Amino acid sequence: MKRIFALLTVALSLGLSACTNSTVAKLTLVAHDSFVMSDELIAEYNKTFGSELTIVRAGDVGEMTGKLALTKDARIGDVVYGIDNTFASVIEENIVLGENKLVPINFADICFNVDIQYFKEKNLAIPDHWKELIQPKYKNLTVIENPNLSSTGLGFLVSTFAAFSSDNETTAWWQSFKNNGVKVAASWEDAYYTDFSGSAGKGKYPVVLSYSSSPADEVDENGNAKTVALRKDCFRQIEYAGVLKNSNYQAGEELINFMLGKSFQEALPSAMYVYPIDETVALPESWALRAPAAISTIGGDLDIAKNRSGWLAEYNRVFDLAP
């Protein structure tokens, strides 16, 4: 893990208020649909802070971001979790948060996952890099997420603009990808759990845009890996939490501090298959074999806020999608 993440976390968490007499009867956490927090963790939070935590799931990250922007003056919760580095500027531009800023909680690498059994049965070579997915032998095999709605899809869109020497080259690759039969799903849940053949949904697409950590959850009865990630030139996604405008700031900050605490950070790998931002947290042993981080990441240095609308407009033109 990058030392900068740990240092940033320490700096931000020191800026948050310590536990004080800020108890509220109820606190509402707005999160994306992939958020998982166990009953045990919720009970620990409730007991520690004397509040009743309610979780509202608001769609994929893009959908959730839009809802928060539209309801910023009539908030739907107190704290938000799951805004990532592709949508963070939208939150900032719309002044959705209150007194504090977005605080990093975890990270993950957006990489394609491959159904090993399918490729074995078809005697088909697993691609070495996602750029190869436009080749005819991989026609109609891939499902991705809509970047207008999904942070996973948007993260990959960013990586494509980093991977080629010009925007025209990137657009040409997207056109070839479309012509090669890629499916665009609305959300990560749809793509992974319904369309992907290597997961529970047993769909018809053996290649899915997901995460380097996703294979940790896909093993057969003998403990053998069923999927593998393409770990070159992935996009590193950082997820944040923040206190929404006009909410109880101290109570909200206490919840964020709880998310930065050992109990919550230790639960992240098994609950949501993401890496904790706290580099001192031990990862499950299986992750060393099945969920290593990306070999290389790209796109994180691009100006996403400046280019997002233009990138999406070009993507929507190629795929004939509404924004």
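You'll find the structure just up there.
These numbers come from a predicted model, not from an experiment. Along each chain, the written sequence defines residue order, and numbers are assigned to residues from 1. For this predicted model, a pLDDT threshold of at least 70 governs which residues receive local features, and a threshold of 80 or more governs which side-chain atom pairs are given and counted, while totals over whole chains, interfaces and linings are taken from all residues. Side-chain measures were taken over the full set of non-hydrogen atoms in the model, leaving aside hydrogen atoms and water.

### Quick notes on the overall build of the chain
What the chain contains, in helices and strands, is 12 helices and nine strands. In this setup the radius of gyration rests on C-alpha atoms only. A globule is expected at 2.2 Å times the number of residues raised to 0.38. For 323 residues, the compact-globule formula gives about 20 Å, and the C-alpha radius of gyration of the chain, at 20 Å, lands near that figure. Principal axes of the C-alpha set define a box for the chain whose edges measure 65 × 45 × 35 Å. Relative accessibility under 20% of the residue-type maximum defines a buried residue, over 50% an exposed one, and the middle range a partly exposed one, all with a 1.4 Å probe and only protein chains included. Sorting the 323 residues of the chain into buried and exposed places 53% on the buried side. Residues are treated as being in contact if the distance between any of their heavy atoms lies within 4.5 Å. Counting contacts in the chain only where the partners sit at least 6 residues apart, residues at least 24 apart contribute 78% of the total. When the accessible surface of the chain is totalled, it reaches about 14100 Å², and 51% of it is carbon and sulfur. In this tally, Asp and Glu contribute negative charge and Lys and Arg positive charge; neither His nor the terminal groups of the chain are included. Where a charge lies is defined by one atom per residue type: Lys uses NZ, Arg uses CZ, Asp uses CG and Glu uses CD. Counting 28 positive and 40 negative side-chain charges, the chain places the averaged centre of each group 4 Å from the other. Helix and strand assignments come from DSSP, with helices taken as H or I runs of at least 4 residues and strands as E runs of at least 2, each series counted from the N terminus. Here the open area of atoms and residues is found with the Shrake-Rupley method and a 1.4 Å probe, where only the protein chains shown may cover a residue.

### Examining the layout of surface pockets
Only protein atoms enter the 1 Å grid used here. Points where a 1.4 Å probe fits but cannot escape make up a cavity, open sets with protein on both sides within 12 Å along at least five of seven lines make up a pocket, and a residue lines them when an atom lies within 4 Å of a point. Grid points are joined across faces, edges and corners, and a volume is the space filled by probe spheres set on the points. Empty space within the largest pocket amounts to approximately 400 Å³. Along the walls of the largest pocket sit 25 residues, with S34, W188, Y211, M272 and V274 positioned nearest its centre. At the level of secondary structure, the elements contributing two or more residues to the lining of the largest pocket comprise α6 (151-163), α8 (188-195), β8 (227-243) and α10 (262-272). At four residues, α8 tops the list of elements feeding residues into the lining of the largest pocket.

### Regarding the side chain of S213
Within the secondary structure layout, S213 lies in the loop between β7 (207-211) and β8. Exposure remark for S213: the relative accessible area of 0% places this residue in the buried category. Of the polar contacts made by the side chain of S213, one reaches the backbone oxygen of Y273; its length is 2.3 Å. When near neighbours in sequence (up to four residues on either side) are disregarded, S213 contacts Y273, V274, Y275, W287 and A291. In the analysis that follows, any N or O atom pair within 3.5 Å is treated as a polar contact, provided that within protein one partner can donate a hydrogen and the other can accept it, and provided that, for residues neighboring in sequence, both atoms belong to side chains.

### A short note on the state of the cysteines
By definition, disulfides here are pairs of cysteine sulfur atoms that lie within 2.5 Å. Within this structure, the stated rule accounts for one disulfide. A sulfur-sulfur separation of 2.2 Å characterises the disulfide bridge that pairs C111 with C234. As the torsion about the S-S bond is roughly 125 degrees, the C111-C234 disulfide counts as right-handed. On the criterion of sequence distance, the pair formed by C111 in strand β4 (residues 103-115) and C234 in strand β8 is long-range, its members being 123 residues apart.

### Side note on the packing of α6 against helix α7 (residues 167-179)
Note on geometry: axes are lines fitted to C-alpha atoms, helical ones only across the stretch in contact, with angles between N-to-C directions running from 0 to 180 degrees. Where α6 meets α7, the closest approach of the two axes is 8 Å, and the angle between their N-to-C directions is 125 degrees. Considering their axes alone, α6 and α7 lie oblique with respect to each other. When α6 is examined against α7, the residues F156, L157, T160 and F161 are found in contact with a partner set consisting of D167, T170, W173, W174 and F177. Polar here means any residue outside two lists: the nonpolar Ala, Val, Leu, Ile, Met, Phe, Trp, Tyr, Cys and Pro, and the charged Asp, Glu, Lys and Arg; Gly therefore counts as polar. Along the lines of polarity and charge, the residues of the contact of α6 with α7 split into six nonpolar, two polar and one charged. The scheme is simple: roughly parallel for angles under 35 degrees, roughly antiparallel for over 145, roughly perpendicular for 65 to 115, oblique for anything else.

### Observations regarding the packing of aromatic side chains
Each aromatic pair joins two rings of Phe, Tyr and Trp (for Trp, the six-membered one) with centres within 6.5 Å, and gets the label stacked for planes under 30 degrees apart, edge-to-face for over 60, and tilted for any other angle. Scanning the entire structure with this criterion turns up 26 aromatic pairs. Ring geometry for Y118 and F119: centres 5.8 Å apart, planes at 70 degrees, overall edge-to-face. Residue class for Y118 comes out partly exposed when judged on its relative accessible area of 23%. Pairwise contacts between aromatic rings join F112, W130, F156, F164, W173, W174, F177, Y315 and F319 into one cluster.

### As for the pairing of strand β2 (residues 52-57)
In this structure, strand β1 (residues 26-31) lies alongside β2, joined through six bridges in parallel fashion. Looking at β2, one finds that L29 is bridged to I55. Crossover handedness for the path β1 to helix α2 (residues 39-49) to β2: right-handed. Being paired, for any two strands, means DSSP has found at least two bridges between them. Every crossover in which the path from the first strand over the helix to the second runs clockwise, viewed with the strands pointing away from the viewer, is termed right-handed.

### Some words on the packing of α2 against helix α9 (residues 249-260)
Two quantities define a packed helix pair, namely the angle between the axes and the distance from one axis to the other. Look at α2 against α9: their axes get within 11 Å of each other, and the N-to-C directions meet at 135 degrees. Between α2 and α9, the angle falls in the class oblique. Both α2 and α9 take part in a crossing whose hand is right-handed. Taken together, the residues of α9 that come into contact with α2 (itself represented by L41, E44, Y45 and F49) are A251, E254, L255 and F258. Along the lines of polarity and charge, the residues of the contact of α2 with α9 split into six nonpolar, no polar and two charged. Working rule for handedness: look at the near helix, and if it is turned counterclockwise from the far one by less than a right angle, call the crossing left-handed; if clockwise, right-handed.

### Some remarks on the pattern of salt bridges
Any carboxyl oxygen of Asp or Glu that lies within 4 Å of a side-chain nitrogen of Lys or Arg is treated as forming a salt bridge with it. Inspection of the entire model under this criterion finds eight salt bridges. With its nearest N and O atoms 3.4 Å apart, the salt bridge here joins K67 to E63. Remark: E63 and K67 occur in helix α3 (residues 61-70); sequence separation between them is four residues, near one turn of the helix. Of the charged contacts, one joins R236 and D109 as a salt bridge, the two residues approaching to 2.8 Å between their closest N and O atoms. With R236 in strand β8 and D109 in strand β4, the pair connects residues that are 127 residues apart, well separated along the chain. Residue D109 is classed as buried on the basis of its relative accessible area, which comes to 0%.

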